[in-house]
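Descriptive structure summary
Given next are the chains, with one letter for each unit.
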Amino acid sequence: LAAVALDAAPSVKTHPARAARVALLHSWQSTQTEGWWRIALDQNKVPYDYIDPEVIGKTANLREKYDVILVGPGVTQAAIDGQPMWGNPTPWKNSADTPSIGTYAQSDDTRVGMQLEGLIHLRDFVNQGGVLAAATTSASTFISGGIIKGVTAQNPGATSRVVGTLLRGQVSDEASPLAYGIPANLAVYSDRKSVV
């Protein structure tokens with residue numbers, strides 16, 4: 001995106017732009033993993049809702065509430081399926097017994113996943129123009145869930161290790177909306193076994 005300074009304000013009709021409505025999806029099994037994402041959003045003063053898989057499962061029209069859903073690392077198949085529902089609920093709530101738990105993310109029962117309904121809600125969200133941005137294994141979870149067509153995750157395998165290497169990448173489909181704004185020839189950095 002190129003920005004150009006003007007000598008005067010344009011004389012065309014304008015309207016204020018609305019900030020994107022952002023949600024950060026977390027898994028109760030790994031809330032610390034996406035903590036770095038929360039820090040980045042907080043430090044950059046980006047307003048966001050911190051939501052769990054149950055919210056995805058219960059919210060039929062996610063696009064009505066959000067423009068972007070971020071999914072940090074650690075959201076696995078367990079976030080979709082949930083945990084076994086036998087025994088007592090597993091709450092995550094601020095109480096006299098647990099005063100250190102913050103009030104921004106609470107649940108009566110953390111075992112509830114988003115279920116198939118949640119996957120359908122996310123698929124509809126993407127089909128309606130919403131942006132679902134997931135990292136590492138979380139991206140693989142939703143790719144294998146069939147939410148996004150035409151996107152695959154490549155496992156480099158045990159024989160190819162290029163840790164700490166700067167590689168030249170090539171965008172294979174420049175017309176794809178996923179590649180919008182990305183140059184055809186770009187540098188990528190290999191970190192551990194994945195390429196970022």
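Summarised in this report is the structure supplied together with it.

Here is what the cut-offs are and how they apply
As a convention, each chain's residues are numbered from 1 in the sequence order in which they are written. Side-chain atom pairs in this predicted model are given and counted only at pLDDT of 80 or more, local residue features only at pLDDT of at least 70, and totals for whole chains, interfaces and linings cover all residues. Calculation of side-chain values draws on the structure's entire complement of heavy atoms; hydrogens and water are dropped beforehand. Put simply, DSSP H or I for four residues or longer makes a helix, DSSP E for two residues or longer makes a strand, and each gets a number counted from the N terminus. In this scheme, a residue with accessible area under 20% of its type's maximum is buried, one over 50% is exposed, and one in between is partly exposed, where area comes from a 1.4 Å probe on protein chains only. Should any heavy atoms of two residues lie within 4.5 Å, those residues are counted as being in contact. Residues are said to line a cavity or pocket when one of their atoms sits within 4 Å of a point; the points come from a 1 Å grid over protein atoms alone, cavities being sets where a 1.4 Å probe fits but cannot get out and pockets being open sets with protein on both sides within 12 Å along at least five of seven lines. Grid points are joined across faces, edges and corners, and a volume is the space filled by probe spheres set on the points. In this count, Pro and Cys sit with the nonpolar residues alongside Ala, Val, Leu, Ile, Met, Phe, Trp and Tyr, while Asp, Glu, Lys and Arg are called charged and the others, Gly among them, polar. Salt bridge, as applied in this entry: a Lys or Arg side-chain nitrogen positioned within 4 Å of an Asp or Glu carboxyl oxygen.

1. Quick look at the side chain of Thr110
- In this fold, Thr110 is placed in the loop between helix H4 (77-81) and helix H5 (115-127).
- The exposure class of Thr110 is buried, given its relative accessible area of 12%.
- If near-sequence neighbours (up to four positions away) are discounted, Thr110 is found in contact with Trp28, Gln29, Thr90, Pro91 and Trp92.

2. Focus on empty space enclosed by the protein
- Following the criterion strictly, the structure yields 1 cavity of 30 Å³ or more and no others.
- The volume enclosed by the largest cavity comes to roughly 40 Å³.
- A class-by-class count of the residues in the lining of the largest cavity yields 5 nonpolar, 5 polar and 1 charged.

3. A few points about the pattern of salt bridges
- According to the stated counting rule, one finds 7 salt bridges in the structure shown.
- Across the pair Arg18 and Asp67 runs a salt bridge whose closest N-O atoms are separated by 2.6 Å. Of this pair, Arg18 sits in the segment before strand E1 (22-25) while Asp67 is found in the loop between helix H3 (62-65) and strand E3 (68-71), placing the two residues 49 residues apart along the sequence.
- For Asp67, a relative accessible area of 10% translates into the label buried.
- Of the charged contacts, one joins Glu54 and Lys58 as a salt bridge, the two residues approaching to 2.9 Å between their closest N and O atoms. Of the two residues, Glu54 and Lys58 are both situated in helix H2 (residues 53-58); the distance of 4 residues between them amounts to about one turn of the helix.
- Residue classification places Glu54 among the buried residues on the basis of a relative accessible area of 18%.
- In this structure Lys58 comes out as exposed when scored by relative accessible area, which is 65%.
- Look at the salt bridges and you will find they share partners, linking Arg18, Arg21, Arg63 and Asp67 into a network.

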